[in-house]
Amino acid sequence: VPSFTTDYGTSHAVIEPLEQAKIYKDEGNDYFKEKQYKKAVAAYTEGLRKQCSDQDLNAILYTNRAAAEFHLGNCRSALNDVIAARKQKQDHLKAIVRGALCYLELKNFAEAIVWCDEGLRIDSKEKKLLEMRTKADRLRRAEQRDVRKARVKAKQEQSQREALLQAVKDRNIKLFQQTCSEEEEDASDGVADLSLDGLSRWNTTAAKVYLDENSSLHWPVLFLYPEYGQTDFISAFYEGSRFIDHLMTMFAEELPPWDVERKYQPNKLELYFEDEERAELYQINAEKTLLQVLQHKRYFVKAGTPTFIVLVKHSSFCVNYLADKKVHHIV
């Protein structure tokens, strides 16, 4: 740190704030050249604290500190400094160049162009400003294009969501609405105000119901095998498909490895869905389509994924599993 007093016996000669500020400026410049940017910032800061009356010097101190801050990755601090520099000297070209660079780095392309234009009015041939303006204009156009594309995409997605919800509503399919509160679950209140929450909010899989080009719904469907704690997941179950067709595909040729007793044969299986609100089970006719079952007055689609229980008819597990439950047979 520079010393600002000189001993002459009992008297001291005090260096003026202007000279002190210049010394700190030079010290900061030395640190900057050595790429010791933190020390450069500290030196320029000390120079500014002297509050000298030379506005040109203060503008340089602010601009130089901005350059050091920029190299440290502190773009916003650098921007604040170049704004302060221009309050000292409005047409300080280096401050304008640094400011345009900060705005470019912060992806504020419109403001970068404004600063470039202001600088080019001072020096129309300033190479850095010309290059930055070209780059900022190109990036701004790309950004505007991306915004337009995003808006179009968002509008399309919204239209698709509305069409999907309308399709569900038109089929009288009811969605299980789960509230944000862990203690509150309601299977009926949310049906009138059908929303995407019932389709996707609580869906733990990536697959979601969708409406195809023929206005048909395809649902992600989960089959549960409580006897073995196993599951099967069908990512796109066409609403017009019968359950028996899927069971034939899953079990007719190659039985699952967990079915060691080889008893999960399509013609021996029973399907059920659970009415969670009433804690009751409904047996399903496997000849029915998914849509027919989803339209049942007590079926509520939970988490956007219709779920069904698969049991082996008359097996000991089936008998025990159903023993303490109220069961509505064949719907």
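Model, not experiment: these values are computed from the prediction.

On the secondary structure map, Leu 255 appears in the loop between helix H9 (243-251) and strand E9 (269-275). Residues Leu 255 and Gln 265, ten residues apart in the sequence, show an inter-C-alpha distance of 8.1 Å. Apart from the residues within four sequence positions on either side, Leu 255 is in contact with Arg 262, Tyr 264 and Gln 265.

With that settled, the discussion passes to the packing of helix H5 (residues 93-105) against helix H6 (residues 109-122). As a packed pair, H5 and H6 sit with axes 8 Å apart at the nearest point and diverge in direction by 160°. By the angle between their directions, the pair H5 and H6 is classed as roughly antiparallel. Of the two elements, H5 crosses H6, and the hand of that crossing is left-handed. Residues Leu 93, Ala 95, Ile 96, Gly 99, Ala 100, Tyr 103 and Leu 104 of H5 pack against Phe 109, Glu 111, Ala 112, Trp 115, Cys 116, Gly 119 and Ile 122 of H6. Looking at side-chain class alone, the contact of H5 with H6 contains eleven nonpolar, two polar and one charged residues.

Another point: the nonpolar core. Residues Trp 219, Phe 223, Phe 243, Phe 251 and Phe 308 are the most contacted members of the largest nonpolar core, which totals 35 residues. For this core, the secondary-structure elements that each account for two or more residues are helix H7 (127-170), strand E7 (217-225), strand E8 (230-238), H9, E9, strand E10 (280-284), helix H10 (290-294) and strand E12 (307-312). Not counting residues up to four positions away in its chain, the partners in contact with Phe 251 are Tyr 225, Asp 232, Pro 256, Trp 258, Tyr 264, Pro 266 and Leu 269. Counting 24 residues, the second largest nonpolar core, distinct from the first, contains Ala 85, Phe 109, Cys 116 and Met 132.

In this structure the tally under the stated criterion is 17 salt bridges. With a closest N to O distance of 2.6 Å, Arg 133 and Asp 117 form a salt bridge. Taken together, the residues Arg 133 in helix H7 and Asp 117 in helix H6 connect sequence positions 16 residues apart. Exposure remark for Arg 133: the relative accessible area of 26% places this residue in the partly exposed category. Look at Asp 117 and you get partly exposed, because its relative accessible area is 25%. Between Arg 141 and Asp 137 there is a salt bridge, with its nearest N and O atoms 3.0 Å apart. Here Asp 137 and Arg 141 lie together in helix H7, a separation of four residues that amounts to about one turn.

Cut-offs used in this document
Residues numbered from 1 in each chain as written. Predicted model: local features only at pLDDT ≥ 70, side-chain atom pairs only at ≥ 80, totals over all residues. Heavy atoms only, no water. Helix = DSSP H or I, 4+ residues; strand = E, 2+ residues; numbered from the N terminus. Contact = heavy atoms within 4.5 Å. Axes fitted to C-alpha atoms, helices over the stretch in contact; angles between N-to-C directions. Parallel < 35°, antiparallel > 145°, perpendicular 65-115°, else oblique. Left-handed = near helix turned anticlockwise from the far one by under 90°. Nonpolar A, V, L, I, M, F, W, Y, C, P; charged D, E, K, R; others polar. Core = buried A, V, L, I, M, F, W, Y, C linked by side-chain atoms within 4.5 Å. Buried < 20%, exposed > 50% of the residue type's maximum accessible area, 1.4 Å probe, protein only. Salt bridge = Lys/Arg side-chain N within 4 Å of Asp/Glu carboxyl O.

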